[in-house]
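Residues per chain, in single letters:
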Amino acid sequence: MTSEEKQRAEQATRDSEREVPREELKERYAELVESVRAARTAYYVEDAPRISDAEYDTLYRELERLEAENPELTANDSPTQEVGGEVSEAFAPVKHLERMYSLEDVFSVDELRAWLQRAAVSIENVRPGSRPAWLTELKIDGLAVNLLYRDGELVRAATRGDGTTGEDVTHNVATIEQIPGTLAGEGHPSEIEIRGEVFIASSDFRELNEGLVAEGKAPFANPRNAAAGSLRQKDPKVTARRRLSMFVHGIGSRTGLSAATQGETYDLLASWGLPVSPYTRLLGSEEEILELIAHYGDRRHDLVHEIDGIVVKVDDFRTQQLLGHTSRVPRWAVAYKYPPEEVNTELLDIQVSVGRTGRVTPFGLMEPVKVAGSTVEMATLHNQDVVKAKGVLIGDTVVVRKAGDVIPEIVGPVTALRDGSEREFVMPTRCPSCGTELAPAKEDDVDIRCPNSRSCPAQLWQTLFHTAGRGAFDIEALGEEGARALIQPAEPERPPLTGLAGLFDLTPEDLAEVRIERAKRGKGAEPGETELVPYFYTRPTAKKPSVPTKNTLTFFEQLEEAKEQPLWRVLVGLSIRHVGPTAARALATEFGSMSAIREAGEERLADTDGVGPTIARAVTEWFAEPWHREIVDRWAAAGVRMEDERDASIPRVLEGVTVVVTGTLEDFTRDSAKEAIILRGGKASGSVSKNTDFLVAGENAGSKLDKAEQLKIPILDNESFKTLLAEGPDGVSPSQDDDEE
């Protein structure tokens, strides 16, 4: 058989399979159709989705792919041929004057580029020589509604439903303050349909869920469900209490409207008192669209409402009309969807962790799931009141959110999937690490703490990790696992360190017997099997004895170098409550030595600029403990520097001057720039205010630069900053003659 004949035979086989699809293909197709329909009913009708948006998108795209590859499978009533919604029997049906469509979704920049290029070709075909303008809007995660106005009066409001018929929710929409019953201004069309998205603001969503749980009711899984469920209340009084909002995102049928573009129409609608989104932008190029997508991708959680993407539309109405629609979506609009940040998974257990300050924090242990580009199996629950407010039970299917590098968070339960086996979380009464009875740090404090700060292993290893951190002694070789190995090794029974006091007395020999538990590797290792292995030393063999690892030797080198760190870093390393780098710098600058800080009274400490009464009290109380003073004394005996050497040759030209540093400077790190300011008597602040004298702005300066410009604060670059350090404010301030010019 020739290669050409072979290709024809293979094609014939494929054609045959398309004519009579394999049984498993038919079964999978039927499963997908059923799953997508069930998900739509739960989402649009019941307002109680059972799968995440990411899972739905995956199912829907697989269904689209199967239909594209096997068109004979596609039924007329396939979910891909319909607008995504149904009409609930709880409300009277309403037929829209003009059909409401869904939007085509794209999930990557490449897909968006391809869509824009196809759209540009189509526009050139229908309107040769025209250059499209793109209207961009934030894709709000809410509920689409259709408002019908006649001669400026609201006569009806309906949900999108299946696109042709929706649900009459007029009485409930009337409770939304932003939606006018009578349009302002004049020149209103005799009839016009206004399309928009009803949503609940993120802050209002949190308050709503807390109130529902307090009443013993199930919380909403996300703001979209809250908005949809609130708008579909039989009693408008309930809807009125839910603080719903709306932004306009289009128009339908209209009679007597002269505007030629959607952007012009939005300006007109705003003049009539309708709520138009402040985030809408009119752009002229593909690159501008991609820049806007990146911009809001970084800021999507800084907005008043939740979004899941960006909508891009052809702005011109005539071009929209010429491009037309498919059975489900307009050919002149697309929705770029951001990578999913919410997924569903099973909450296997709720456990607690003990932090550096003794705070006991519940966290969820979940079935591992991939979200926002990484696999997560734990998520914070903050405190017992938050667990209650979220309404989560052990065994629930929960919604998990992870925004970029933010710590994963459990948003809430999917209550529709409960089967009665779930159980409530009970906060422990004793510390899981040391057994000490737990108690609030102060009266009415929602946080429960372990008061055993001296010997609680969990507190000690996290305190040690903090002490070695970049903001304190900067001992890079002592990471989180190394700190735990020093405080909580599997062997020996007595760890090398039982507190911070002995840190600088350690020797390599002290660590020779330290073993930690790790998963066993190699041939014959069973799943879950563990073994004890050396942490600071190599594993001995028949030919080679155990010796310190390279990282261990580096640790001791860095430990020696840490003894020369400035006083403020030593203060941070002591883990005094409320004393971070800013307060530590202020104390070190004012007093110059550890002994002076110890001897200063609370009132004298509080008078220090940048300290105040709360920090002063914390410092005084810390030094009142004998075992705390022992840490300082043993560190000093080991050679840790406890006093800053003041260089008398450096003129204090910045006395009384407040300087903020932001961005990346050519000749300074952030820390060295602050050190330079403090050495000259200035205050290195972390925030811009009316009391700021100068802002030093390097590359990638952000919001601080914007605020400084608003407040008209002098802004210095790298070279001007060096002049400020050498000559003081007079060296960089404009002269009187300059002002007059």
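Look up a bit, the structure's there.
Bear in mind that the values here come from a model prediction, so they are computed numbers and not experimental data.

Undergrad: I'd love a proper account of the packing of helix H13 (residues 457-467) against helix H14 (residues 480-487), names of residues and values included.
TA: Look at H13 against H14: their axes get within 8 Å of each other, and the N-to-C directions meet at 135°. The orientation of H13 with respect to H14, classified from their angle, is oblique. Helix-helix and strand crossings are classified by hand; for H13 and H14 the assignment is right-handed. Only Glu480, Ala483, Arg484, Leu486 and Ile487 of H14 make contact with H13, whose side of the interface consists of Pro457, Leu460, Trp461, Leu464 and Phe465. Looking at the contact of H13 with H14 residue by residue, the class counts come to eight nonpolar, no polar and two charged.

Undergrad: Outline the sheet that holds strand E10 (residues 307-314), listing residues and values.
TA: Here we have five strands laid out as an open sheet, ordered E2-E11-E10-E3-E9, and mixed in their pairing. Taken across any chain shown, the strands that pair with only one partner, and hence form the sheet edges, are strand E2 (104-106) and strand E9 (281-283). Along the sheet, successive strands turn relative to each other by an average axial angle of 30°, direction set aside. As judged from the seven bridges shared by strand E3 (residues 134-140) and E10, these two strands associate in the antiparallel manner. The partner of Lys139 across the bridge, within E10, is Gly309. Helix-sheet contacts for helix H4 (residues 109-126) involve E2, E3, E10 and strand E11 (333-337), and the interaxial angle to E11 is about 170°.

Undergrad: I'd like to hear about the packing of aromatic side chains, residue by residue, with values.
TA: Going through the model one piece at a time under the given rule, you end up with 11 aromatic pairs. An angle of 80° between the planes, with centres 5.3 Å apart, marks the rings of Phe473 and Trp635 as edge-to-face. Here the residue Phe473 occupies a position in the loop between H13 and H14, and Trp635 occupies one in helix H21 (residues 626-637), the gap between them amounting to 162 residues. As far as the burial class goes, Phe473 and Trp635 line up, both buried. When the ring of Phe555 is compared with that of Phe556, the centres are 4.9 Å apart and the planes differ by 55°; the resulting orientation is tilted. The two residues Phe555 and Phe556 agree in class, both being buried.

Quick notes on the rules
- Residues numbered from 1 in each chain as written.
- Predicted model: local features only at pLDDT ≥ 70, side-chain atom pairs only at ≥ 80, totals over all residues.
- Heavy atoms only, no water.
- Axes fitted to C-alpha atoms, helices over the stretch in contact; angles between N-to-C directions.
- Helix = DSSP H or I, 4+ residues; strand = E, 2+ residues; numbered from the N terminus.
- Parallel < 35°, antiparallel > 145°, perpendicular 65-115°, else oblique.
- Left-handed = near helix turned anticlockwise from the far one by under 90°.
- Contact = heavy atoms within 4.5 Å.
- Nonpolar A, V, L, I, M, F, W, Y, C, P; charged D, E, K, R; others polar.
- Pairing = 2+ DSSP bridges.
- Phe/Tyr/Trp six-rings, centres within 6.5 Å; stacked < 30°, edge-to-face > 60°.
- Buried < 20%, exposed > 50% of the residue type's maximum accessible area, 1.4 Å probe, protein only.

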